[in-house]
Amino acid sequence: MEPTPPHQQPQKPPAGTNPPGYGAPPAYPAYPQYPGTNELPHHTGSGGTSNLAVFGFVVSLVGGFVIGAVMCIVALNKIPLNNQRGKGFAIAGLVIGTLCIAAIGAAVVFGDDEPDRDASGQVTATQITRPDKLRVGDCVTELKEGEVKGITVKPCDGPNGGKVFAVFDLPAGDWPGLASVQADAEKGCTTRFTASKQPAATPSDVFFLHPSEAGWALGDHGATCLLTPQ
């Protein structure tokens, strides 16, 4: 083999050029861009503690339940917008206010309406009381079907609209439903009247009172049985 003439000697390509027969150098992808890399770090609660949340908690704690609850609700809405702390104060104040408002409402609706009685327990005057305050032997002026929130009791020395002959508790547990409560109350009253073996002096009906779902939630699980004239 003859030597390659000098002018045909392979030459090393200058720096930055591509050797013959090779394509362009591959393009390297740009570095990925990450959003927010130039933003300052976010610090939770950098806006300080919400004064409204603290005030709402304190107001609820000292008895201003309605105002305190409203302040706490407003604070809960503003805290994330203002990047503030104090959510715990707002929640605690709201819970205190809500529970106290509910307790006051229950006391108004289901307050202590114990009728006036003598030493033997007999009702001494006509007055309005709660159905669950009735005792065996109490007499009422009248009874009507439907929801009964207040009932008028009277001394039993004259005509009346019904007399209590039994009071008992329904099965404990969660609210079983209106139909179940009515069925248990009716069955319990009928069974107790039959077991007493005391026939009514005049044609009468067995009438029963039972708790509503709201009363059940507050602990009233009692049924009251009355004998009412036809």
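Preceding block: the structure.
Residues numbered from 1 in each chain as written. Predicted model: local features only at pLDDT ≥ 70, side-chain atom pairs only at ≥ 80, totals over all residues. Heavy atoms only, no water.

K.L.:
I keep staring at the overall build of the chain and nothing clicks. Help me out?
P.N.:
Helices and strands together make up the secondary structure of the chain, namely five helices and six strands. Its helices and strands taken in sequence order, the chain reads α-α-α-β-β-β-β-α-β-α-β from the N to the C terminus. Taking all 230 residues of the chain together, 27% fall into the buried category. Taking the contacts inside the chain whose residues are at least 6 apart along the sequence as the reference set, 54% of them involve residues at least 24 apart. With the model as given, the accessible surface of the chain reaches about 15900 Å², and the carbon-plus-sulfur share is 59%. (Helix = DSSP H or I, 4+ residues; strand = E, 2+ residues; numbered from the N terminus. Buried < 20%, exposed > 50% of the residue type's maximum accessible area, 1.4 Å probe, protein only. Contact = heavy atoms within 4.5 Å. Areas by Shrake-Rupley, 256 points an atom, 1.4 Å probe, with all protein chains shown as cover.)

K.L.:
Would you mind going over a nonpolar patch on the surface with me for this structure?
P.N.:
Judged by side-chain polarity, Val 66, Val 70, Val 74 and Ile 101 come together as a nonpolar surface patch covering roughly 310 Å² of accessible area. It is helix H2 (residues 65-82) that contributes the most residues to the nonpolar patch, three residues altogether. Residue placement: Val 66 occurs in helix H2. For Val 66, a relative accessible area of 55% puts it in the exposed group. (Patch = residues over 30% accessible without salt bridge, like charges linked within 9 Å, V, L, I, M, F, W, Y side chains within 5 Å. Salt bridge = Lys/Arg side-chain N within 4 Å of Asp/Glu carboxyl O.)

K.L.:
Explain the state of the cysteines here, please?
P.N.:
Every disulfide links exactly two cysteines, by a covalent bond between their sulfur atoms. Summed over the entire model, instances satisfying the criterion amount to two disulfides. With a sulfur-sulfur separation of 2.0 Å, Cys 189 is cross-linked through a disulfide to Cys 225. Residues Cys 189 and Cys 225 share a disulfide whose torsion about the S-S bond is about -80 degrees; that sign makes it left-handed. Pair noted here: Cys 189 is in helix H4 (residues 178-196) and Cys 225 is in strand E6 (residues 222-229), with a separation of 36 residues, a long-range link. Comparing Cys 189 with Cys 225 shows no difference in burial state: the two are buried. When the cysteines engaged in disulfides are numbered in sequence order, the chain pairs them as 1-2, 3-4. (Disulfide = S-S within 2.5 Å.)

K.L.:
Would you take a moment to explain the side chain of Ser 60 for this structure?
P.N.:
Positionally, Ser 60 belongs in helix H1 (residues 51-61). Residue Ser 60 is classed as buried on the basis of its relative accessible area of 1%.

K.L.:
Sorry, what's going on with the packing of H1 against H2 here?
P.N.:
Packed helices, taken two at a time, are described by the angle between their axes plus the distance between the axes. Packing of H1 against H2 brings their axes to within 8 Å, and their N-to-C directions diverge by 160 degrees. Considering their axes alone, H1 and H2 lie roughly antiparallel with respect to each other. Remark: the crossing between H1 and H2 carries left-handed chirality. Residues Leu 52, Ala 53, Phe 55, Gly 56, Phe 57, Val 59 and Ser 60 of H1 touch H2, and the partners they reach there are Phe 65, Ile 67, Gly 68, Ala 69, Met 71, Cys 72, Val 74, Ala 75 and Ile 79. Within the contact of H1 with H2, the residues separate by chemical class into 13 nonpolar, three polar and no charged. (Axes fitted to C-alpha atoms, helices over the stretch in contact; angles between N-to-C directions. Parallel < 35°, antiparallel > 145°, perpendicular 65-115°, else oblique. Left-handed = near helix turned anticlockwise from the far one by under 90°. Nonpolar A, V, L, I, M, F, W, Y, C, P; charged D, E, K, R; others polar.)

K.L.:
Would you mind going over H2 with me for this structure?
P.N.:
Every α-helix carries 3.6 residues per turn, so stepping three or four residues along brings you back to the same face. With 18 residues, H2 extends 25 Å between its outermost C-alpha atoms, agreeing within 8% with the 26 Å of an ideal straight helix rising 1.5 Å per residue. Of all the bends in H2, the greatest, near 25 degrees, is centred on Leu 76, and the proline Pro 80 appears no more than four residues after it. Every buried residue of H2 is listed here: Phe 65, Gly 68, Ala 69, Met 71, Cys 72, Ala 75 and Ile 79. A positive phi of about 55 degrees marks Asn 83, the residue just after H2. (Expected span 1.5 Å × (residues − 1). Bend = angle between axes of the 7 residues up to and from the residue.)

K.L.:
Looking at this structure, how should I read unusual backbone geometry?
P.N.:
Excluding glycine, residues mostly carry a negative phi; peptide bonds, for their part, are mostly trans. Of note in the backbone geometry, Asn 83 takes a positive phi value of approximately 55 degrees without being a glycine. Considering the arrangement of structural elements, one finds Asn 83 in the loop between H2 and helix H3 (87-109).

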